[in-house]
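Breakdown of the fold
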Amino acid sequence: MSGPAPELVDLGLREAGEAIQARRASSAELTEAALARIAATDGRLGAFLAVAPERAREAARAADARAAAGGRRSPIDGVPVAVKDLFLTRGVPTTAGSRILEGYLPPYDATVVERLEAAGAVLVGKLNMDEFAMGSSTENSAYKPCRNPWDLDRTPGGSSGGSAAAVAARQVHGTLGTDTGGSIREPASFCGVVGVKPTYGRVSRYGVIAFASSLDQVGPLARDVGDAALLLRTIAGHDPRDLTSSTRPVDDYLAGLEGGAKGLRIGVPREWFQGGVDRGVEERVRAALALYERQGARLVEITLPHSKYGIGAYYLIAPAEASSNLARYDGVRFGLRAKGAAGLKEMYTETRARGFGPEPKRRIMLGTYALSSGYYDAYYLRAQKVRTLIRRDFDEAFSRCDVVAGPVAPSVAFRLGERTDDPLHMYLADIFTITCNLAALPGLSVPCGLEAGSGLPVGLQLVGRSFDEVTLFRAARALERELGPPPRPRGV
Amino acid sequence: MALTLEEVRRIAALARLSLSPEEERTFAGQLSAILDHVAQLRELDVSGVEPMTHALAGEAPPPREDVILPCLSPEEALAAAPAREGTAFKVPRIIE
């Protein structure tokens, strides 16, 4: 491959920041290297929906001026990053992966985008995703599929597939995604990067296009645990513009990072190892658990008896909330409007018919049904009660352990097209990640090796107590210290 | 459970979606399969269980003071409108 000096794009987020601090590299050089890497690889990878080179170059110049004056704003000042196309970016196209928002230029920035830029990070563009974050493979993007940098015939996972692929493929040094049922952790697992779904309420969702409001949470994807911890520290914390954002102070996720696993009680849910997981995945997950034990952690068998009801509860609650959230795409205030409609109602129905792809339509239909008169108690209300039971399972488990560990997904990255005709099969990819969202708890995916045979990455999922991201990062780092981060993906 | 095409049309009307005949057939099959899967929730006895209506239980910040804060100007709010007239969003005829 021609183009950028590989050593710049290979730097992690913190390493890139340190290089700027030590004047070994400028933000402009890092930004040009990232833009060149994107230009050279993204035609095959499809991780970006929009690249904003001018905004990036201007931000890089400002970061270099601060570095020269000795006034860097943060450890990531001047480092190129990118965000899922679900985050509003003032004046930069924001589509949520949907035709209904094609060409939309938001009038303001999401809080997390503001926070990244306040820290000096250089935003280079917007990342591919399943339409309105509905999917587990990024094949539901209305624009183009994104591919897995380890094997271009496979999906990167989803819905934050672009966020995982871009950081794995060395296009940028860190990214943000969102996770409603596993949309950060599953692609992180498939692409061999670290992905974090923080506790519900830890990160502001102001300016984040809503999918299922009682589940959606924003989080980082990065090449190692420390980078993810730093990104989360940058974006976390109360935002008065988000009514669901917690006022708890943000912990210093980096301070206890090297604390190791000694003495940690790791809960292993019986239900997550009862078949349904590919053998190669289970092997790596069990090897990771054995590593923890050798480091002095204690494995505790626990039970999460309502796990198997997670998919059922989720596929009522998430579509119900989505059907309400997506009511705003009606052709009046922004986005697509179908032309030639005779009256208002026809304008609504035609706009939505043309603007939404099959998956949002399917979920709007399912959610509308679940909320419709006569069905509410049987579906939505019952699902919310099951949600309480799922949360209680975890509360009970955390009286006996400090983190829960298991697989992220039943398989490694699957092939493009393999599941697109069978939505229910696609939904089952979320079986291990979904309960964490329903219980509003923090969860993380950390690489735990490559599957024998396929050579594709496998992620270990860790779920923690409410607002205890510190323990998740420490546990993930203990594993990473033994295994080292995965090598550079071979597909790009 | 099997959703009829009639029911699919009723839901589509509630959701303000116009579906093609092919979409109606596809969704009838797919939604029925999904509803069959979620029907397993009926196995559980949930009597006496409180629904989880707040994911941020006990963590929600108190309401803010009722004061006017900076917001988008009319120009900014209208900038992405498909059609406008003055400082209003323009829509097709509502009353026939």
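Here the structure is a predicted model, which is why all the values come from computation and not from measurement. (Residues numbered from 1 in each chain as written. Chains lettered and ligands numbered in written order. Predicted model: local features only at pLDDT ≥ 70, side-chain atom pairs only at ≥ 80, totals over all residues.)

1. Quick word on the overall build of chain A
Within chain A, the regular secondary structure consists of 16 helices and 11 strands. Compactness check: chain A gives a C-alpha radius of gyration of 21 Å against a globular reference of 23 Å for 492 residues, within 12% of the reference. Seen along its three principal axes, the alpha-carbon backbone of chain A occupies a region of about 65 × 55 × 45 Å. Here chain A, with 492 residues, has 63% of them falling under the buried criterion. Long-range pairs, those at least 24 residues apart, make up 77% of the contacts in chain A with a sequence separation of at least 6. (Helix = DSSP H or I, 4+ residues; strand = E, 2+ residues; numbered from the N terminus. Rg over C-alpha atoms; globule rule 2.2 N^0.38 Å. Buried ≥ 20, exposed ≤ 12 C-beta atoms within 10 Å, placed from the backbone. Contact = placed C-beta atoms within 7 Å.)

2. Details of the overall build of chain B
Along the backbone of chain B there are three helices and two strands. Counted from the first residue to the last, chain B has its helices and strands arranged as α-α-α-β-β. Scaling as 2.2 N^0.38, a compact globule of 96 residues should have a C-alpha radius of gyration of about 12 Å, whereas chain B reaches 22 Å, well beyond that. Projected onto its principal axes, the C-alpha positions of chain B cover 50 × 45 × 25 Å. Residues classed as buried in chain B amount to 17% of the 96 residues present.

3. Observations regarding the interface of chain B and chain A
Contacts between the two partners involve 44 residues from chain B, matched on the other side by 54 residues from chain A. Those elements that place two or more of their residues in the side of chain B that touches chain A are helix H1 (5–14), helix H2 (21–38) and helix H3 (74–78) of chain B. Among the elements that take part in the side of chain B that touches chain A, H2(B) stands out by supplying seven residues, more than any other.

4. Thoughts on the pairing of strand E4 (residues 174–179) of chain A
Residues and elements named next belong to chain A. Counting buried residues along E4, six of its six residues qualify, which places the element largely inside the surrounding structure. Going residue by residue along E4, you find Gly174, Leu176 and Thr178 tucked away on one face and Thr175, Gly177 and Asp179 tucked away on the opposite face as well. With two bridges connecting them, strand E2 (residues 80–84) and E4 associate as parallel partners. Residue Ala82 lies in a different strand from E4, and its bridge partner there is Thr175. As judged from the six bridges shared by E4 and strand E6 (residues 217–222), these two strands associate in the antiparallel manner. Its bridge partner lying in E6, Gly177 is registered against Gly219. (Pairing = 2+ DSSP bridges.)

5. Focus on the sheet that holds strand E10 (residues 443–450) of chain A
Residues and elements named next belong to chain A. The strand order across the open sheet built from 11 strands is E1-E3-E2-E4-E6-E5-E10-E11-E9-E7-E8, with neighbouring strands paired in mixed fashion. In this open sheet, the two strands that pair with only one neighbour each are strand E1 (48–51) and strand E8 (298–302). Between one strand axis and the next, the sheet turns by 30° as a mean value, whatever way the strands run. Direction of pairing for strand E7 (residues 265–269) relative to strand E9 (residues 403–407): parallel, over a ladder of two bridges. Across the sheet, the residue bridging to Ile266 is Val403, located in E9. Lying on the sheet, helix H3 (residues 27–45) is in contact with E1, E2 and strand E3 (122–127); it crosses E3 at an angle near 20°. (Axes fitted to C-alpha atoms, helices over the stretch in contact; angles between N-to-C directions.)

6. Topic: unusual backbone geometry
Residue and element names in this part refer to chain A. In this chain, Gly158 is followed by Ser159 through a cis amide linkage whose omega measures 10°. Notably, Arg23 is not glycine yet its phi reads approximately 60°, a positive angle. Along the chain, Arg23 falls in the loop between helix H2 (13–21) and H3. In this structure Arg23 comes out as exposed when scored by C-beta crowding, with 10 C-beta atoms within 10 Å. Residue Thr138 is not a glycine yet carries a positive backbone phi of 65°. Relative to the elements of secondary structure, Thr138 occurs in the loop between E3 and helix H6 (161–168). Since 34 C-beta atoms lie within 10 Å of it, Thr138 is described here as buried.

7. Description of the confidence of the model for chain A
Mean pLDDT over chain A: 96, with 99% of residues reaching 70 or higher. Scored below 50 in pLDDT, residues 1–5 of chain A makes nine contacts in the model with residues more than four places away or belonging to other chains. (pLDDT = per-residue confidence, 0-100.)

8. Quick word on the packing of helix H12 (residues 358–371) of chain A against H1(B)
Between H12(A) and H1(B), the least distance of the axes is 9 Å, while the angle of their chain directions is 95°. Relative to H1(B), H12(A) is oriented roughly perpendicular. Of the residues in H1(B), those in contact with Met365(A), Thr368(A) and Tyr369(A) of H12(A) are Ile11(B), Ala12(B) and Leu14(B). Taken together, the residues of the contact of H12(A) with H1(B) sort by class into five nonpolar, one polar and no charged. (Parallel < 35°, antiparallel > 145°, perpendicular 65-115°, else oblique. Nonpolar A, V, L, I, M, F, W, Y, C, P; charged D, E, K, R; others polar.)

9. Side note on the environment of Ser32(B)
Residue and element names in this part refer to chain B. Following the sequence through the fold, Ser32 ends up in helix H2. In the structure, Ser32 is positioned 28 residues away from Thr4 in sequence and 9.0 Å away in space, judged by C-alpha atoms. The contacts of Ser32, once residues within four sequence positions are left out, are Met1, Ala2 and Leu3.

10. A short note on the confidence of the model for chain B
The predicted model of chain B has a mean per-residue pLDDT of 92, with 99% of residues at 70 or higher. Reported for the predicted complex are a pTM of 0.97 and an ipTM of 0.95.

11. Regarding the packing of H1(B) against H2(B)
Residue and element names in this part refer to chain B. Here H1 crosses H2 at 105°, and the two axes come no closer than 9 Å. The angle between the axes of H1 and H2 places the two elements in the roughly perpendicular class. Note on element contacts: H2 touches H1 through Glu24, Phe27 and Ala28, opposite Leu5, Val8 and Arg9. Of the residues assigned to the contact of H1 with H2, the class counts are four nonpolar, no polar and two charged.

12. Description of the environment of Ala413(A)
Residue and element names in this part refer to chain A. Structurally, the position occupied by Ala413 is in the loop between E9 and helix H14 (423–427). Sequence separation between Ala413 and Leu456 is 43 residues, and the spatial gap between their C-alpha atoms is 7.3 Å. For Ala413, the residues in contact, after removing those within four places along its chain, are Asn148, Trp150, Asp151, Arg154, Thr155, Pro156, Gly157, Phe190 and Leu456.

13. A few points about helix H11 (residues 344–355) of chain A
For H11(A), which comprises 12 residues, the first-to-last C-alpha distance of 16 Å matches the rise-based estimate of 16 Å (1.5 Å per residue) to within 8%. Those residues of H11(A) that fall on the buried side of the exposure criterion are Met347(A), Tyr348(A), Thr349(A), Glu350(A), Thr351(A), Arg352(A) and Gly355(A). (Expected span 1.5 Å × (residues − 1).)

14. Considering H1(B)
The periodicity of an α-helix, 3.6 residues per turn, causes residues three or four positions apart to be oriented the same way. Turning to H1(B), its buried residues number three or more, namely Val8(B), Ile11(B) and Ala12(B). Each buried residue of H1(B) lies within a common arc of 100° when the element is viewed along its axis, so the set occupies one face. Buried residues in H1(B) make contact with H12 of chain A together with H2 of chain B. Two residues or fewer past H1(B), Arg16(B) is found with a positive phi of approximately 55°. (Arc of directions from axis to C-beta.)

15. Comments concerning the environment of Ala56(A)
Residue and element names in this part refer to chain A. With respect to the helices, strands and loops of the structure, Ala56 is situated in helix H4 (residues 53–68). Judged by the 24 C-beta atoms lying within 10 Å of it, Ala56 falls in the buried class. Along the sequence, Ala56 and Asp430 sit 374 residues apart, while their C-alpha atoms lie 35 Å from each other. The residues touching Ala56, leaving out its near neighbours within four places in the chain, are Thr31, Leu35, Pro80, Val122, Leu123 and Val124.

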